[in-house]
Amino acid sequence: MTHTTTFEVVEVHNFGGFFGGDTVTLDAAPLSDEADVRTLVIDARALANVPDRHCITAGMVFALEMDGERVDHAELLAAQSQADLRTALGTAQIDGPLDGPLLLSARCPNCGRWVIAARWHESGCELCAQAAE
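What you see is a predicted model; the values in this text were computed from it and never measured.

Cut-off values and rules
Residues numbered from 1 in each chain as written. Predicted model: local features only at pLDDT ≥ 70, side-chain atom pairs only at ≥ 80, totals over all residues. Heavy atoms only, no water. Helix = DSSP H or I, 4+ residues; strand = E, 2+ residues; numbered from the N terminus. Rg over C-alpha atoms; globule rule 2.2 N^0.38 Å. Buried < 20%, exposed > 50% of the residue type's maximum accessible area, 1.4 Å probe, protein only. Contact = heavy atoms within 4.5 Å. Areas by Shrake-Rupley, 256 points an atom, 1.4 Å probe, with all protein chains shown as cover. Lys, Arg positive; Asp, Glu negative; His and termini not counted. Charge placed at Lys NZ, Arg CZ, Asp CG, Glu CD. Core = buried A, V, L, I, M, F, W, Y, C linked by side-chain atoms within 4.5 Å.

Please clarify how the overall build of the protein chain should be interpreted in this entry.
For the protein chain, the count of helices and strands is two helices and nine strands. A compact globule built from 133 residues would reach a C-alpha radius of gyration of about 14 Å, and the protein chain, at 15 Å, matches this within 12%. When the backbone C-alpha atoms are referred to their principal axes, the protein chain occupies close to 45 × 35 × 25 Å. Out of the 133 residues belonging to the protein chain, those deemed buried represent 38%. Across the protein chain, every contact between residues at least 6 apart in sequence was considered, and the portion connecting residues at least 24 apart equals 47%. Accessible area for the protein chain stands at about 7500 Å²; split by element, carbon and sulfur atoms hold 50% of it. On the protein chain, the mean spot of the 8 positive side-chain charges and the mean spot of the 20 negative ones are 2 Å from each other.

Take a look at the structure:
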(Lines give C-alpha, C1' and ligand atoms only; values in the text may rest on other atoms or scores of the structure.)
Protein backbone atom coordinates (compact mmCIF):
# COMPACT_ATOMS: atom_id res chain seq x y z
CA MET A 1 0.00 0.00 0.00
CA THR A 2 1.41 3.37 -1.07
CA HIS A 3 1.34 6.42 1.21
CA THR A 4 2.95 9.87 1.13
CA THR A 5 4.73 11.35 4.13
CA THR A 6 6.78 14.52 4.51
CA PHE A 7 10.30 13.79 5.79
CA GLU A 8 13.20 16.03 6.78
CA VAL A 9 16.69 14.76 6.01
CA VAL A 10 18.73 14.41 9.21
CA GLU A 11 21.96 13.08 7.70
CA VAL A 12 23.18 11.94 4.29
CA HIS A 13 25.27 8.76 4.58
CA ASN A 14 26.41 8.09 1.03
CA PHE A 15 25.77 8.34 -2.66
CA GLY A 16 26.00 5.22 -4.76
CA GLY A 17 24.98 2.11 -2.95
CA PHE A 18 26.13 -1.43 -3.69
CA PHE A 19 28.47 -1.54 -6.72
CA GLY A 20 28.11 2.22 -7.30
CA GLY A 21 24.38 2.30 -7.98
CA ASP A 22 22.37 5.48 -8.51
CA THR A 23 21.07 5.90 -4.96
CA VAL A 24 21.36 8.14 -1.95
CA THR A 25 21.24 6.66 1.56
CA LEU A 26 20.11 8.99 4.32
CA ASP A 27 18.50 9.26 7.74
CA ALA A 28 15.19 11.14 7.76
CA ALA A 29 12.35 11.81 10.17
CA PRO A 30 8.70 12.55 9.43
CA LEU A 31 7.80 16.18 10.18
CA SER A 32 4.97 14.87 12.34
CA ASP A 33 7.33 12.80 14.54
CA GLU A 34 10.93 14.04 14.59
CA ALA A 35 11.92 11.24 16.98
CA ASP A 36 11.07 8.58 14.36
CA VAL A 37 14.39 8.73 12.48
CA ARG A 38 14.81 5.98 9.90
CA THR A 39 17.37 5.10 7.26
CA LEU A 40 16.05 5.36 3.70
CA VAL A 41 17.54 4.52 0.32
CA ILE A 42 16.25 6.63 -2.57
CA ASP A 43 16.95 5.62 -6.15
CA ALA A 44 17.86 8.54 -8.45
CA ARG A 45 14.88 7.67 -10.71
CA ALA A 46 12.51 8.35 -7.79
CA LEU A 47 13.72 11.97 -7.45
CA ALA A 48 11.00 14.00 -9.19
CA ASN A 49 12.50 17.48 -9.16
CA VAL A 50 16.15 16.97 -8.15
CA PRO A 51 18.27 16.26 -11.22
CA ASP A 52 21.46 15.47 -9.26
CA ARG A 53 21.19 13.31 -6.12
CA HIS A 54 24.59 14.60 -4.98
CA CYS A 55 22.90 17.94 -4.08
CA ILE A 56 20.80 16.42 -1.29
CA THR A 57 21.83 17.74 2.14
CA ALA A 58 20.67 17.59 5.75
CA GLY A 59 17.74 19.89 6.47
CA MET A 60 15.98 19.32 3.15
CA VAL A 61 12.31 18.36 3.27
CA PHE A 62 10.84 15.83 0.85
CA ALA A 63 7.36 14.46 0.19
CA LEU A 64 8.04 10.74 -0.08
CA GLU A 65 5.60 8.33 -1.67
CA MET A 66 6.42 4.99 -0.13
CA ASP A 67 5.39 1.40 -0.60
CA GLY A 68 6.41 -0.18 2.68
CA GLU A 69 10.04 0.85 3.17
CA ARG A 70 10.67 1.49 -0.55
CA VAL A 71 10.62 5.09 -1.78
CA ASP A 72 8.73 5.20 -5.10
CA HIS A 73 8.65 8.99 -5.57
CA ALA A 74 10.52 11.83 -3.83
CA GLU A 75 9.74 15.53 -4.35
CA LEU A 76 11.92 18.23 -2.79
CA LEU A 77 9.73 20.77 -0.95
CA ALA A 78 12.12 22.90 1.10
CA ALA A 79 15.66 23.42 2.36
CA GLN A 80 17.40 25.29 5.17
CA SER A 81 18.97 27.78 2.75
CA GLN A 82 17.97 29.30 -0.57
CA ALA A 83 21.34 28.31 -2.03
CA ASP A 84 20.80 24.62 -1.14
CA LEU A 85 17.27 24.69 -2.58
CA ARG A 86 18.30 26.36 -5.86
CA THR A 87 21.33 24.08 -6.28
CA ALA A 88 19.24 20.95 -5.76
CA LEU A 89 16.41 22.04 -8.06
CA GLY A 90 18.74 23.19 -10.83
CA THR A 91 18.08 25.99 -13.29
CA ALA A 92 14.46 27.12 -13.47
CA GLN A 93 12.77 26.22 -16.75
CA ILE A 94 10.62 29.09 -18.00
CA ASP A 95 8.24 28.69 -20.94
CA GLY A 96 8.35 31.91 -22.93
CA PRO A 97 8.24 35.52 -21.76
CA LEU A 98 6.69 36.40 -18.40
CA ASP A 99 4.11 39.07 -17.61
CA GLY A 100 5.84 39.82 -14.32
CA PRO A 101 8.18 38.38 -11.68
CA LEU A 102 8.15 34.62 -11.15
CA LEU A 103 8.21 33.35 -7.56
CA LEU A 104 10.44 30.27 -7.35
CA SER A 105 10.69 29.99 -3.57
CA ALA A 106 10.10 31.95 -0.39
CA ARG A 107 11.39 31.89 3.18
CA CYS A 108 8.72 30.88 5.66
CA PRO A 109 8.66 33.20 8.70
CA ASN A 110 7.22 30.39 10.84
CA CYS A 111 9.71 27.55 10.29
CA GLY A 112 12.58 29.46 8.64
CA ARG A 113 12.83 27.08 5.68
CA TRP A 114 13.08 28.09 2.03
CA VAL A 115 10.02 26.53 0.43
CA ILE A 116 9.25 25.91 -3.25
CA ALA A 117 6.58 28.24 -4.60
CA ALA A 118 3.99 25.47 -5.02
CA ARG A 119 3.97 24.93 -1.23
CA TRP A 120 4.00 28.64 -0.29
CA HIS A 121 1.02 30.68 0.93
CA GLU A 122 0.77 34.24 2.25
CA SER A 123 0.42 32.91 5.80
CA GLY A 124 3.48 30.65 5.51
CA CYS A 125 4.18 27.22 4.16
CA GLU A 126 2.27 23.94 4.14
CA LEU A 127 5.11 22.30 6.05
CA CYS A 128 4.41 24.22 9.27
CA ALA A 129 0.80 23.01 9.26
CA GLN A 130 1.93 19.40 8.67
CA ALA A 131 4.39 19.51 11.55
CA ALA A 132 1.73 20.91 13.91
CA GLU A 133 -0.72 18.06 13.20
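I tried to follow the nonpolar core on my own but got confused; where do I start?
Nonpolar side chains in soluble globular proteins tend to end up buried together. Counting 36 residues, the largest nonpolar core has Ile-42, Ile-56, Phe-62 and Leu-64 as its most contacted members. For this core, the secondary-structure elements that each account for two or more residues are strand 1 (2–15), strand 2 (23–30), strand 3 (38–43), strand 4 (61–67), strand 5 (70–79), helix 1 (82–89), strand 7 (114–116) and helix 2 (126–132). Contacts of Leu-64, omitting those with residues within four sequence positions, involve His-3, Thr-4, Thr-5, Phe-7, Leu-40, Ile-42, Val-71, His-73 and Ala-74.

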